[in-house]
Amino acid sequence: MTAAFPATAPTPPKPITSGKDPRFAPTLYAHVGQPESWTLGYYRRHGGYEALERAFGMGADAVIDEVKQSGLRGRGGAGFATGLKWSFMPLNDGKPHYIICNADESEPGSFKDRYLLSEDPHQLIEGMLIAGYAMRASVGYIYIRGEYVHAAERLQVAIDEARAAGLLGKNVLNSGIDFQLHLHRGAGAYICGEETALMNSLEGLRANPRLKPPFPAAAGLYGLPTTINNVETFCAATQILKFGAEWHAGMGTEKSKGMKLFQVSGPVARPGVYELPLGTTFRELIYDWAGGPLEEMKAIIPGGSSCPLMRWDDKTLDTPMDYESIAAGGSMLGTGGVTVIPRADCIVNATWNMVRFYGHESCGKCTPCREGISSWMTRMYEKLVRGHGQPGDVQLILDMSENIGGRSFCALADACLGPVLSSIELFREEYDSLAQLQTPTYPPRNRWKDV
Amino acid sequence: MKVHVDGVELELPAGTSAIDAVFEAGGDVPYFCAHKYLSPVGACRMCLVETGSPRKEKDGSFVLDDATGQPKIFWFPKPMASCTMQATEGMHIKSARSSEVVAKAQAGMMEFTLLNHPLDCPTCDKGGACELQDRAFEYGYGASRFGFDRRHADKHYPLSDFIILDQERCIHCKRCVRYFEEVPGQEVLDFIERGGHTFIDTEEGGLPTGFQGNIADICPVGALLDNVARFRGRNWEYDHTPTTCTLCSVGCSITVDARNGRLERIVARENREVNEAWICDAGRFGHAFASERRLTVPLVRVDGELQEASWDVAIAAIRAGMTRHNATDLALYLNADSTLEEGVALEALADAVGSPHVDHWPRYEVSLDAMPNGAATLSDVATADAVVVIGADLGEEAPILELRILEMLRGGLLPPEYAHGTAIADLRLVERPARKPEKLAVIGKETRLWQHAGIRASSNGHNALERLSRPDTAELQAALKLLTDSEKVIIILGADVLNGASGSFAAQLSELATRTGAKVLAIPAGANSKGLAALNLVPREGGLPFARVADAPAAFISRLDPGVRARGLTIVHDSHLTATARLADVVLPAVTNYEKRGTTVNLEGRLLELEQAALSAGEAADLIRTLTAVSEALGVRAPVRGLKSAQALAEQKLGLRLGELPERGVIHAFRSSHVAPTEQTHVPHLWTERMQPSIQTLIPANLQPLPMLGAAPVGGDD
Amino acid sequence: MTYFADKQSLVADIFSRYPDSPQGRRSALMPLLREVQDAEGFVNGTRLDEIAALCGTTATEVRSVMSFYSTYHTLPTGKYHLQVCSTVMCSLAGSDELWDHLVETLDVQPGEVSPDGRFSVQKVECLGSCGTAPMMQINDDGYYENVTPSKCARILESLHADLQPLPDNPVPVTVNAEGRQVLASGEAIGASITGLGQLPPITPGGEA
Ligand SMILES: Cc1cc2nc3c(=O)[nH]c(=O)nc-3n(C[C@H](O)[C@H](O)[C@H](O)COP(=O)(O)O)c2cc1C
Ligand code: SF4
Ligand code: SF4
Ligand code: SF4
Ligand code: FES
Ligand code: FES
């Protein structure tokens, strides 16, 4: 194991935890938005595929070590340590291995992967080549949500270009390594983002989640060892191999290292995607980068709709956006999709929308989700919002939630409870008003306006 | 391994699921989606339990609880589905018996399960035998807080002539979908849509006949129902008779449900060693004959016409008819699905009167009992490393054998057995199991099994074996290689090779078996041919085989329909007025095998019991009683005068104890001592016309055609 | 008429992406459905049979899988199938009103096609464009984002004239050409990727 790059910096500098830190440079999105950024020519002119050559030079095990040392955690939502996950793949078992890129990005509030896919596809391809090499996989699939037509086209062109340039296929860059990469388009189902459902979908089956164990690293796609990572995770791997584990670990907090793509939606001056070090505060993201709210706010969804709401207050705004701090604040970093909810919008109505989303996206496999959420919870919310609420309704929703939570087959049902339980906890008075007085605290308003 | 269930420690084999651990401890867990012979999927979430396990330190020692000094139990924060959880050493499990959390979780899940379920129990055929109804009573809240309109869907949706679906009642356990995919290997039924809109449907224009009926047994609710038995009775009104199917030589365990003397329904009964939990569609739905157009009184030909008569008159008619014959002229023929006891009785009568013309039909001319590696059992087939099927059409000859072969292809994992029965959740079974078609070679005509076989060779007749011994094509070479190279191999032989097979065939087979180490399973021609062949029920010196019944001076023909009469006195013993019965001089009413007590011997050589279902059959009698009457007419003392004496005689002749057999039967090494030429070939044909459910039973009363249109053709055995 | 009979190379290309095994064949199911739908606008029963045969399965399975997803159609849609995101971020930006407006002005309900055959509408879930809400997709052609009332009017006008505007692809990203990220205030701040110390290549040899 010859990690040619010694991890012995003199005195460790203070970690970077602000996008405004003069040392911080965006890398994942460095080229997003630039003309022709999606072409191989552009990518190569900007140091493309050099990380791959470094990886080949280091050896497969050293690549996994490098990723471990970088402190990278999965960017798909759960935040599992990437290097550790890669090391679960069996070595020398003589079986074909697969790696899959989870480009299903369907968590409401998330839109970071989309631009990585359409604007910088080679960064992902390079990351998958590196990962494939590290995990002895010679075939990779990118499972992209069906609606990302534009991104899929760009990606397909990029794959073809890479193949023509000898970067994909047999004997990549004369390394003796074979790596094939294929695109597989989904067709509209949120559950396909769940890794085992994704594998079923890729196998042409109904996208119901599978039983675990066996875990994908033991028996995944086609029953063979498989590792699935998010788009951003693979792209971060490219940057880690380029700039080093130490560079990556120099950003963020003790347990949440590196940079993260944060997305801001809702009525702020400049919604969009911002690449910031983990540990940046909500306040910096929302005010300095996104230009601040356009009206009075009451809640923040910190990481996609599955994450419990947080109250819009100084405490929340000053919370650093890293896995641990947000967890301590009662929610989750999730995908980093931050949505702000205005004071004047009925929280029960907004939650109804989210519950309806999960009900619509329930795969139908297990009872608590299919019946509890899809059939019942959605109607409880409809009843409340439509002014037919009754005094016991909120209590009933809480009791149903207790009967659903942790009892479902996969995490989708629990995800639905994120907004439900947090909105009841934070804004009980809005619920009570609907349940007892059949009147919303914040009546519907026209939000469709020319700006 | 030691596991603690509700505070009680018990020792369990490794691999036990948490749900089986609870049952083994004498506890109970409600479940809907788990099924003994299907992969556990964890879909219904009813089987929640609390579990906790000890943890180990890095050095391998247990993390100890400071207070007690015992290994500390780390409980999962949430209840877990016990059907998909493996019990492990030192695990603690709490069922509803000892956990409030579990009791609440199960009641909550029951409320969800019942949310969209219609309150149909009073008109549902499943009522009284419904897993949902029972469990809701035991584990539910007793009331739903839902308060919205239930999902509405098609309540009378025929999936085939045999199975009707009520989409509103479905609780999405997926048993039916998994069954088709995992057991007969057919992708013919699946969920459509997703989430709360999910429903069951097929796009095949109907379910394939073969094994579809099993889904009515395994559906935990009344969503999938036996359409033949639809609205025929409530479960508590039926007389349930556990017995054995004798439509073919597999001998599946079944329960016959009768009401008001009619056979209304047949359902599968578990027999781990024979049919597991499955039966074929013929065995399930093909019972129309048991209750329709039965012959209930003897008939005697008077002035050329058959007229109803009493048994005494019939006996007198036989006596009168026999005055023109010697008793030794009376040929005695019986159906090879007759019980061993009946066979013993007939053999004894033949001995007593000295008639050389004795035969049972169908049968083959060869005895293959003395093969070198012993007889193959169905469990051997299911767990074999390779199977070579030669000249068999299993769909016609032994359908469940086909399922056992398919079980072999998907790994041959027989679920373990506990004191509470077969494992409820065998975690080795997986959805969409990998199949190994290369383990199966099929030689012969193209059949349903063909599509599952990795090696297929077309061949005709009994030279298939010879060709296999000296393969002349790549496929046959591959089949021989499979036989030679695999450890545990079975050769299955069917009618196409067994018809006309002789001693040289047996020698050749024996040689092949010795060379390859294979066990041999020859499918008997009739349901009890294997048992009857152990008796002297073939033509004796100078006797006429059944094929020559028309040449017999006089004949007694039990439940066979050759369509011709003997030269002289012709006595037919049958349950229906068959073509032969119409030609007879005396017709004696017979009971069907559903109304008999006795013993049958299946293709493995397994003794299985028949029980008597309460069907109305008037004065019909089984063969033993009928032969007593015939003896009386012949003026001889009947050597066998009832079941007990037949069993005593069987014990004497065959060294067997009959009666009070264990439920799954016992295997006996039969030696067929008597072989003789048959002079005809046996064409296996499982579904006979009289088994077809009549039109009336398939069409709801309000849509019934005029009675005269509904009448099916009368008689006809084949 | 079979659809794939004269498209053997396309079919071969699809199959080449997956293992040469029964499981691999089955993987072609979704790509094949997509091909048919892109060409014909929907997938009918005959096509189900055809795809089933290609994938080594049954029409039941194809229908089961197809019905699981929201973007496959069993019936023809309008020439312009408007898919309006109705999930929370778009809803907070007015997608409910946008939807009502479309249903009203086009006089078409979900599942229907407008009398002139031009329009059909469908509510869909978050399409990953929440930063540019409200939004909709037209056919399988691309996203129309920040669909304000006036933009909506322009789009509908063009569609009525059968001049479908090109989809938008705004990139709501604020890294400038130098690679520095720009604050809301307009100030570029922090470093650029070009200034990061890229590590030297490692020559292979020690480890393969
Ligand atoms: C209901 C559900 C939806 C999910 N959707 C996505 C998704 O759209 N994209 C994604 O990358 N991960 C998604 N995940 C997480 C994945 O299952 C998986 O953890 C992730 O792809 C692993 O990649 P990572 O380690 O790089 O984060 C989802 C999980 C669940 C339970
Ligand atoms: S919780 Fe159950 S029904 Fe919901 S998506 Fe997961 S497996 Fe499907
Ligand atoms: S029809 Fe019956 S067996 Fe099939 S999924 Fe529904 S409840 Fe289960
Ligand atoms: S396989 Fe044979 S014994 Fe079993 S049910 Fe069918 S006909 Fe009866
Ligand atoms: S989840 Fe259905 S029995 Fe366990
Ligand atoms: S909520 Fe509409 S695009 Fe995300």
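See the structure printed just above.
Rules used in this analysis
- Residues numbered from 1 in each chain as written.
- Chains lettered and ligands numbered in written order.
- Predicted model: local features only at pLDDT ≥ 70, side-chain atom pairs only at ≥ 80, totals over all residues.
- Heavy atoms only, no water.
- Salt bridge = Lys/Arg side-chain N within 4 Å of Asp/Glu carboxyl O.
- Helix = DSSP H or I, 4+ residues; strand = E, 2+ residues; numbered from the N terminus.
- Buried < 20%, exposed > 50% of the residue type's maximum accessible area, 1.4 Å probe, protein only.
- Near = heavy atom within 4 Å.
- Nonpolar A, V, L, I, M, F, W, Y, C, P; charged D, E, K, R; others polar.
- Expected span 1.5 Å × (residues − 1).
- Contact = heavy atoms within 4.5 Å.
- Polar contact = N/O pair within 3.5 Å; in protein donor to acceptor, adjacent residues only side chain to side chain.
- Areas by Shrake-Rupley, 256 points an atom, 1.4 Å probe, with all protein chains shown as cover.
- Buried area = accessible area lost by both parts, 1.4 Å probe.

Chemist: Give me the lowdown on the pattern of salt bridges, citing residues and values where you can.
Modeler: Across all of its chains, the model carries 97 salt bridges over all chains by this definition. Note that Lys653(B) and Asp351(B) form a salt bridge whose closest N and O atoms lie 3.9 Å from each other. Placement of the pair is Lys653(B) in helix α20 (residues 643-654) and Asp351(B) in helix α9 (residues 340-353), with a sequence separation of 302 residues. A relative accessible area of 43% means that Asp351(B) is categorised as partly exposed. A salt bridge links Glu417(B) to Arg664(B); its shortest N-O distance comes to 2.7 Å. Pair noted here: Glu417(B) is in strand β20 (residues 417-418) and Arg664(B) is in the loop between α20 and β31 (666-667), with a separation of 247 residues, a long-range link. Judged by its relative accessible area of 39%, Glu417(B) falls in the partly exposed class. The class for Arg664(B) is partly exposed, based on a relative accessible area of 29%. Taken together, the salt bridges that share partners define one network made up of Glu295(A), Asp345(A), Arg445(A), Arg447(A), Asp96(C) and Glu97(C).

Chemist: Mind laying out the site of ligand 4, listing which residues take part and the relevant values?
Modeler: Taken together, Cys245(B), Leu247(B), Cys248(B), Gly251(B), Cys252(B), Ile279(B), Cys280(B), Gly283(B), Pro399(B), Ile400(B) and Leu686(B) are the residues near ligand 4. Its residues placed into classes, the shell around ligand 4 shows 9 nonpolar, 2 polar and no charged.

Chemist: Give a description of helix α2 (residues 100-115) of chain B that names residues and reports values.
Modeler: With 16 residues, α2(B) extends 22 Å from end C-alpha to end C-alpha; this agrees with the ideal 22 Å at 1.5 Å per step. The set of residues buried in α2(B) consists of Val102(B), Ala105(B), Gln106(B), Ala107(B), Gly108(B), Met109(B), Met110(B), Glu111(B), Phe112(B), Thr113(B) and Leu115(B). At its buried positions, α2(B) is contacted by α15 (367-385) and α16 (393-404) of chain A together with β3 (48-54), β6 (92-94) and α3 (131-139) of chain B. The distance from a side-chain oxygen at the start of α2(B) to the backbone nitrogen of Val101(B) is 3.2 Å, and the residue carrying that oxygen is Ser99(B).

Chemist: Break down unusual backbone geometry for me, with residues and values.
Modeler: The omega torsion of the bond from Trp361(B) to Pro362(B) falls at 0°, within 30 degrees of zero and hence cis. As for its placement among the helices and strands, Pro362(B) is situated in the loop between β18 (358-361) and α10 (378-382). The omega angle of the peptide bond from Ala133(C) to Pro134(C) is -10°, so this bond is cis rather than trans. If you check the backbone angles, Arg136(A) has positive phi at about 55° while not being a glycine. With respect to the helices and strands, Arg136(A) occurs in the loop between α6 (121-134) and β2 (139-144). On the accessibility criterion, Arg136(A) (31% relative accessible area) is partly exposed. The residue Glu193(B) is not glycine, and still its phi comes out positive at about 65°. Along the chain, the position of Glu193(B) falls in the loop between β9 (190-192) and β10 (199-201).

Chemist: Break down the site of ligand 1 for me, citing the residues and quoting the values.
Modeler: Residues and elements named next belong to chain A. In the vicinity of ligand 1, 17 residues are found, and the nearest of them are Gly76, Asn102, Asn229, Asn230 and Thr233. Contact distances for ligand 1 include 3.0 Å between an oxygen atom and a side-chain N or O atom of Lys85. Within the contact set of ligand 1, an oxygen atom lies 2.6 Å away from a side-chain nitrogen or oxygen of Thr233. Across the complex, the protein chains shield 88% of the 610 Å² of accessible surface that ligand 1 would expose by itself. Take the shell around ligand 1: its biggest share by element is 3 residues, from strand β4 (residues 226-230). Of the residues assigned to the shell around ligand 1, the class counts are 3 nonpolar, 8 polar and 6 charged.

Chemist: Break down the interface of chain A and chain C for me, with residues and values.
Modeler: By convention, interface size is frequently given as the accessible area that disappears when the constituent parts associate. Chain A puts 102 residues into the contact, and the matching count from chain C is 79 residues. Taking both sides of the interface into account, the surface hidden between chain A and chain C amounts to around 7300 Å²; carbon and sulfur atoms contribute 59%. Of all residues in chain A, Ala187(A), Arg447(A) and Trp448(A) bury the most surface against chain C, accounting for 12% of the area lost on that side. Our enumeration of links across chain A and chain C arrives at 5 salt bridges. Of the charged contacts, one joins Arg356(A) and Glu125(C) as a salt bridge, the two residues approaching to 2.8 Å between their closest N and O atoms. At the boundary of chain A with chain C, the tally comes to 36 residue pairs in polar contact (both at pLDDT 80 or more). Broken down by element, the side of chain A that touches chain C gets its largest block of residues, 7 residues, from helix α14 (residues 347-361) of chain A. Tallied by class, the residues present in the side of chain A that touches chain C amount to 48 nonpolar, 29 polar and 25 charged.

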